[in-house]
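This is what each chain is made of:
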Amino acid sequence: MTIAMNGTFESRHLGPNEEEIKQMLKTIGADSVASLLSETIPSDIALKQDLNLPEGISEHEFLTELQLVSQKNKLFDTYIGLGYHPTITPAVIQRNILENPGWYTAYTPYQAEIAQGRLEALFNFQTVVTDLTGMELANASLLDESTAAAEGMTLLFAARTRAQKKNNSCNFFVSEDVLPQTLALFKTRSEPIGIKLVVGNPEIFEFTTDFFGAFFQYPGKHGSIPNLPKLVEKVQAHEIKTVVAADLLSLTLLEAPGKYGVDVVVGTTQRFGIPLGYGGPHAAYFATREAYKRNIPGRIIGQTRDLDGAPALRMALQTREQHIKRDKATSNICTAQVLLAVMAGMYAVYHGPKGLKNIAAKIHLNALRFDSILKELSIEQINQNFFDTLLIKVDSERLTKLAESREINLLAVDENHVSISFNETVTEKSFNNLIYLFEEYTSQKAELNSIEIETNIPVNQIRNSSFLTHPIFNSFHSETSLMRYIKRLERKDLALNHSMISLGSCTMKLNAASEMLPLSWPQWNGLHPFVPTNQAAGYHQILEELEIQLNEVTGFYATSLQPNSGAQGEYAGLMVIRAYHESRNEHHRNICIIPASAHGTNPASAVMAGMKVVVTATDEIGNIDWEDFSAKVLEHRDNLAGLMVTYPSTHGVFESNIRKMTQLIHDNGGQVYMDGANMNAQVGVTSPAIIGADVCHLNLHKTFAIPHGGGGPGVGPICVAKHLAPFLPSNPIIKTGGKNPISSISGAPWGSALACLISYGYIKMLGGAGLKKVTEIAILNANYIKAKLESSYPILYVGENGRTAHEMIIDLRPFKQKGIEVVDVAKRLMDYGFHAPTVSFPVSGTMMIEPTESENLAEINRFCDAMNSIAKEIEEKETHTETSVLKNAPHTLQMATADKWSFEYSRQKALYPLNFVQENKFWPSVRRVDEAFGDRNLICSCPPIEEYSNN
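Parameters at a glance
Residues numbered from 1 in each chain as written. Predicted model: local features only at pLDDT ≥ 70, side-chain atom pairs only at ≥ 80, totals over all residues. Heavy atoms only, no water. Helix = DSSP H or I, 4+ residues; strand = E, 2+ residues; numbered from the N terminus. Rg over C-alpha atoms; globule rule 2.2 N^0.38 Å. Buried < 20%, exposed > 50% of the residue type's maximum accessible area, 1.4 Å probe, protein only. Contact = heavy atoms within 4.5 Å. Areas by Shrake-Rupley, 256 points an atom, 1.4 Å probe, with all protein chains shown as cover. Lys, Arg positive; Asp, Glu negative; His and termini not counted. Charge placed at Lys NZ, Arg CZ, Asp CG, Glu CD. Salt bridge = Lys/Arg side-chain N within 4 Å of Asp/Glu carboxyl O. Pairing = 2+ DSSP bridges. Axes fitted to C-alpha atoms, helices over the stretch in contact; angles between N-to-C directions. Expected span 1.5 Å × (residues − 1). Bend = angle between axes of the 7 residues up to and from the residue. Left-handed = near helix turned anticlockwise from the far one by under 90°. Nonpolar A, V, L, I, M, F, W, Y, C, P; charged D, E, K, R; others polar. Core = buried A, V, L, I, M, F, W, Y, C linked by side-chain atoms within 4.5 Å. Phe/Tyr/Trp six-rings, centres within 6.5 Å; stacked < 30°, edge-to-face > 60°. Polar contact = N/O pair within 3.5 Å; in protein donor to acceptor, adjacent residues only side chain to side chain. Disulfide = S-S within 2.5 Å.

Colleague: Kindly report on the overall build of the protein chain, identifying the contributing residues and their values.
Modeller: A count of helical and extended segments in the protein chain gives 32 helices and 24 strands. Relative to the compact-globule value of 30 Å for 951 residues, the protein chain shows a C-alpha radius of gyration of 28 Å, a close match. Dimensions along the principal axes, computed over C-alpha positions, put the protein chain at roughly 85 × 75 × 70 Å. Buried positions account for 66% of the 951 residues belonging to the protein chain. Considering only intrachain contacts with a sequence separation of at least 6, the fraction spanning at least 24 residues in the protein chain is 77%. As displayed, the protein chain has an accessible area near 33,800 Å², and 48% of this comes from carbon and sulfur atoms. Of the side chains in the protein chain, 83 bear a positive and 102 a negative charge, and the two mean positions are spaced by 3 Å.

Pasting the structure below:
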């Protein structure tokens, strides 16, 4: 008796079934999937054996297993602080955003007309940040507080005055009250680019003209509130600019740093309802003055207008700037933490200004109450002014042991001090448990009489300025109203729950519900990143197994999960290479060779790692030009640090001489870094180790199924060969990395640990054979699309046998003679219900298409029918003017229902160009946006209420 295995996770994840696979092979002219792969992948890099991974398990088995493992994590009452705090995620936000594929499967909002919901949510987030910090401009989130602080340092370094540059002012002052993980990031990021850190007490430090910037923690790492206005005034007297890392929730009670003339304010929004997740993902914030709008890292959401003059939102100021400036970029930021930023923004919408202030006041009151109790128990509390954290003089070893026996986590500062950071989850029961702990420690009884307690925030730093006055933050405080507001925004966004998103290089695949469910379990999302490791045994079991899985997939020896974005993985990999050369006394090796077709993050990352970029040309068929490549390697052999290469190439081709190139690098003393953006074409069929790489990063948000979340979270671990393993990154609080580690790459020891559960589940449920099948079907789907489109569009690059890898580039430049630009095709696709493929990257005027393995034949055919239909629309006219259906795309519901239809084509042609569109119509909420107008008239936050009352 034969049992059909159509209930396996593999069969649920993969799009085409066996019958559809046969049809597709017939269309592309291949005898089998195996023969297709042999025509696509050079034989000398083909994997000769199966992955040494267990067979896949069912979704039910996976969830049962993870539930059991989660019990090994211990959830104590945690008061550790250090920038991470237990929070309450409102259920309406958890259910309708975190657990909703309409939000977590969306892509970065590069196509503004079908992303107005996400853009509004991020606009709200920026408003929260600018209002609370008192700054003029904020971006749409960064990775974590520590990396955001480092970005602030490098922004001020790039923005030095002419006199400071002439004077070679390279010193950056860091207050000794800095969070330890942030200091570690300052060390990582400063040294390669020539910044000298000076750590000290700002109250007594004598500043000189050698300094370009200074950093202050607000409040400090152990809770003390510094006299920020006095400190800022002191450094400004020496023309030194300032970065302040501020607790955003505390700024509802503390005056905004912007009021004191601060230049950059950074921090985390984790306190705004984002689960701890053993360190992430969390959305950091970055706010600054408008004077630095061209220097601000990451993405900014701005307001503009559409073709009808109606307000519309879009990403402003070329915010993925490293793709334009490349090695001249000041940052390599690519991923934001959009999903978490949306949640944090919604937390502020839900609670409003009064609600946020009440939460902060309750936290502050608990700290004040406990300070009084400590006085009754004759225990010295050091902080004179504080918001939520007390620094207490005790025998820390004895107290923390007692605390652990009562399932309470305190922070042992040193042998004579502990700190306690209060948070919004503290109840009267947990508060009393703290009292009982200290009563046991002192063998005394505290009198719990009610007493009058007043704030001890310095009078000159109490918040007087208003915030969150816009109606958005004063309208949706009931669950019903917020649920409807979230749904209203969701309806404006096209995500994977509506249709295929065929973005090349971005691998928008299925994010299975079974992979996502554990993110909501408190045993996984409730752990502070600095709890004792014995309280996180479940996490360590999963993370260690994931590292082993990724080692096997890449063929490498060791993995670091710390980088929490792909670009951060690039930087980590290059810093490991740098450390390796320095360990061999080859400090002079600083030349990084990068192909012209590389991602823009590659040259930016290399410069951040202290390297000089040498670009190699592309030949006429899209490969790295061997003659130019070999000449430049030999020219720079004495100072060669390494090669950055994407494989298969950014042009979607497995270059056949890849091993020849990597060998030449090794022969001349360099190391090979492989960008893992295209690993979806490698897993199980070849590997970075086989092609001759020494280190690679992996985009877990691409190949390994973490959802894009509207532009983040991302996770970018690095995998390395044995000789590089000693240099994997560390953490200042919990030991990670190799024997001779580089300093931290992100704030938390294992980066965005919570999101790693998704990739672990993906690999666990697919197993070795399933992972290989994924790669095979990804390559099959791409070649099928190539076969379906090549009669309508030129295919720009193919391999030696006419095959493409998992993605392909179609050339739209020939249509320019008819007046059609690539953007016209991108916008017209929206009328068919599809998000555009990657536009004008890596070649201007083209589209890069990647179907992934999880799209079935029917959906792929709909996409191909839409693309071929657009090609016919292009051919219908000799010249397309402003009256063309393509030039007016996308068409909105408002246009469709208007009394007057002034276009030369019919409503039917505009709105329902193919029959399938009628069954599942998606309506863009605005017409084509005016990008230039928005940059000329930059608006990046909600206007104040006064502007409404004046209208």
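Colleague: Which residues make up the pattern of salt bridges, and what values do they have?
Modeller: Evaluation of the coordinates by the stated rule reveals 42 salt bridges. For the salt bridge of D371 with K375, the shortest nitrogen-to-oxygen distance reads 2.8 Å. Linking D371 with K375, this pair stays in helix α13 (residues 338-376), spanning four residues, or about one helical turn. The buried category is assigned to D371, whose relative accessible area is 10%. The salt bridge partner of E859 is R862, with a shortest N-O separation of 2.7 Å. Of this pair, E859 and R862 both sit in helix α27 (residues 857-875), three residues apart, roughly one helical turn. Looking at R862, the relative accessible area reads 30%, which means it is partly exposed. In this structure, a network of salt bridges that share partners links the residues E10, E18 and K773.

Colleague: Got a sec to walk through the sheet that holds strand β11 (residues 389-393)? Specific residues and values, please.
Modeller: What holds strands together in a sheet is hydrogen bonding between their backbones, with the strands either parallel or antiparallel. Spatially, β11-β14-β13 is the arrangement adopted by the three strands of the open sheet, whose pairing is antiparallel. Among the strands making up the open sheet, the edge pair consists of β11 and β13 (411-414). The mean inter-strand angle of the sheet, taken between neighbouring strand axes irrespective of direction, is 30°. Where β13 lies against strand β14 (residues 417-421), three bridges are found, and the strand directions are antiparallel. Within the sheet, the bridge partner assigned to A412 lies in β14 and is V418. On top of the sheet, α13 reaches β11 and β14; it is set at about 15° to β11, its chief contact.

Colleague: Tell me about α13, and name the residues and values.
Modeller: For α13, spanning 39 residues, the distance from its first C-alpha to its last is only 46 Å, which falls clearly below the expected 57 Å at 1.5 Å a residue. Of all the bends in α13, the greatest, near 95°, is centred on G352, and the proline P353 appears no more than four residues after it. By the criterion of burial, α13 is predominantly enclosed, with 29 of the 39 residues buried.

Colleague: Outline the packing of helix α7 (residues 116-133) against α13, supporting the account with residue identities and numerical values.
Modeller: Direction vectors running N to C along α7 and α13 enclose 65°, while the axes themselves pass 8 Å from each other. Here α7 and α13 pass one another in a crossing that is left-handed. Contacts from R118, A121, L122, N124, F125 and V128 of α7 reach α13 at V338, A341, V342, A344, G345, M346, A348 and V349. The residue inventory of the contact of α7 with α13, partitioned by class, reads eleven nonpolar, two polar and one charged.

Colleague: Talk me through unusual backbone geometry; I want residue IDs and the actual numbers.
Modeller: The peptide bond linking Y218 to P219 adopts the cis configuration, its omega dihedral lying at -10°. In this fold, P219 is placed in the loop between β5 (211-218) and α11 (228-236). The omega torsion of the bond from Y647 to P648 falls at -10°, within 30 degrees of zero and hence cis. Looking at the secondary structure, you find P648 in the loop between β18 (640-646) and α23 (658-667). Located in the positive-phi region is E407, a residue other than glycine, with phi close to 60°.

Colleague: Which residues make up the environment of L307, and what values go with them?
Modeller: As for its placement among the helices and strands, L307 is situated in the loop between β9 (301-305) and β10 (311-315). On the accessibility criterion, L307 (48% relative accessible area) is partly exposed. In this structure the C-alpha to C-alpha distance between L307 and Q236, which are 71 residues apart in sequence, comes to 45 Å. Setting aside residues no more than four positions away along its own chain, L307 makes contact with K887, R927 and R928.

Colleague: Can you tell me about the side chain of N623, naming the residues and giving the values?
Modeller: Considering the arrangement of structural elements, one finds N623 in the loop between β17 (612-616) and α22 (626-635). Setting aside residues up to four positions removed in sequence, N623 forms contacts with A617, T618, V653 and E655.

Colleague: Can you tell me about the sheet that holds β5, naming the residues and giving the values?
Modeller: Ordered in space as β2-β8-β7-β6-β5-β3-β4, the seven strands form an open sheet in which the pairing is mixed. Each edge of the open sheet carries a strand with a single partner, namely β2 (137-138) and β4 (196-200). Where strand β3 (residues 171-175) lies against β4, five bridges are found, and the strand directions are parallel. Residue pairing in the sheet places V174 in a bridge with V199 of β4. Across the sheet, helix α10 (residues 180-190) is in contact with β3, β4 and β5; its angle to β4 comes to roughly 155°.

Colleague: Let's hear about the pairing of strand β8 (residues 284-288): which residues, and what values?
Modeller: Of all five residues that make up β8, five are buried, and the element is covered over most of its length. Burial of β8 is two-sided: the residues A284, F286 and T288 facing one way and the residues Y285 and A287 facing the other way are all buried. The pairing of β2 with β8 spans two bridges and is classified as antiparallel. Residue pairing across strands places A138 opposite A287, the latter belonging to β8. The sheet contact formed by strand β7 (residues 264-268) and β8 spans five bridges and is antiparallel. Looking at β8, one finds that T268 is bridged to A284.

Colleague: Could you give an account of the nonpolar core, naming the residues involved and the relevant values?
Modeller: Soluble globular proteins tend to pack their nonpolar side chains together in the buried interior. Ranked by size, the top nonpolar core spans 244 residues in total, and within it F272, M346, F370, L410, F422, F438 and L482 carry the most contacts. Sorting elements by how many residues they give to this core places α13 first, with 21 residues. Setting aside its immediate chain neighbours within four residues, M346 contacts I93, I97, A121, L482, Y485, I486 and L489.

Colleague: So what about the packing of aromatic side chains? Which residues, and what values?
Modeller: Evaluated as defined, the whole model comprises 33 aromatic pairs. Each ring, one from Y107 and one from Y110, has its centre 6.0 Å from the other, and the planes form 55°; the classification is tilted. On the basis of relative accessibility, which here comes to 5%, the residue Y107 falls in the buried class. Taking the centre distance of 6.4 Å and the plane angle of 75° together, the rings of Y580 and F727 count as edge-to-face. Taken as a pair, Y580 in helix α20 (residues 566-583) and F727 in the loop between β21 (718-720) and α25 (753-789) lie far apart in primary sequence, 147 residues in all. The exposure class assigned to Y580 is buried, which follows from its relative accessible area of 13%. Joined through ring pairs, the aromatic side chains of Y79, F370, F422, F431 and F438 make up one cluster.

Colleague: Please give an account of α20 that cites residues and values.
Modeller: The end-to-end C-alpha distance of α20 is 26 Å, a good match for the 26 Å that 18 residues give at a rise of 1.5 Å each. The backbone nitrogen of A567 lies 3.5 Å from a side-chain oxygen of the residue at the head of α20, namely S565. Of the residues flanking the end of α20, it is N585, one or two places downstream, whose phi is positive at about 60°.

Colleague: Now, about the state of the cysteines: what can you tell me, with residues and values included?
Modeller: Simply put, the disulfide is a covalent bond whose two ends are the sulfur atoms of two cysteines. Counting across every chain of the model gives zero disulfides. C696 forms no disulfide, and the closest cysteine sulfur to it belongs to C719, at a distance of 4.7 Å.

Colleague: Lay out the side chain of S141 in plain terms, naming residues and giving numbers.
Modeller: Looking at the element boundaries, S141 is found in the loop between β2 and α8 (145-158). Not counting the four nearest positions on each side in its chain, S141 is found in contact with F125, A283, A284, A336, Q337, V338 and A341.

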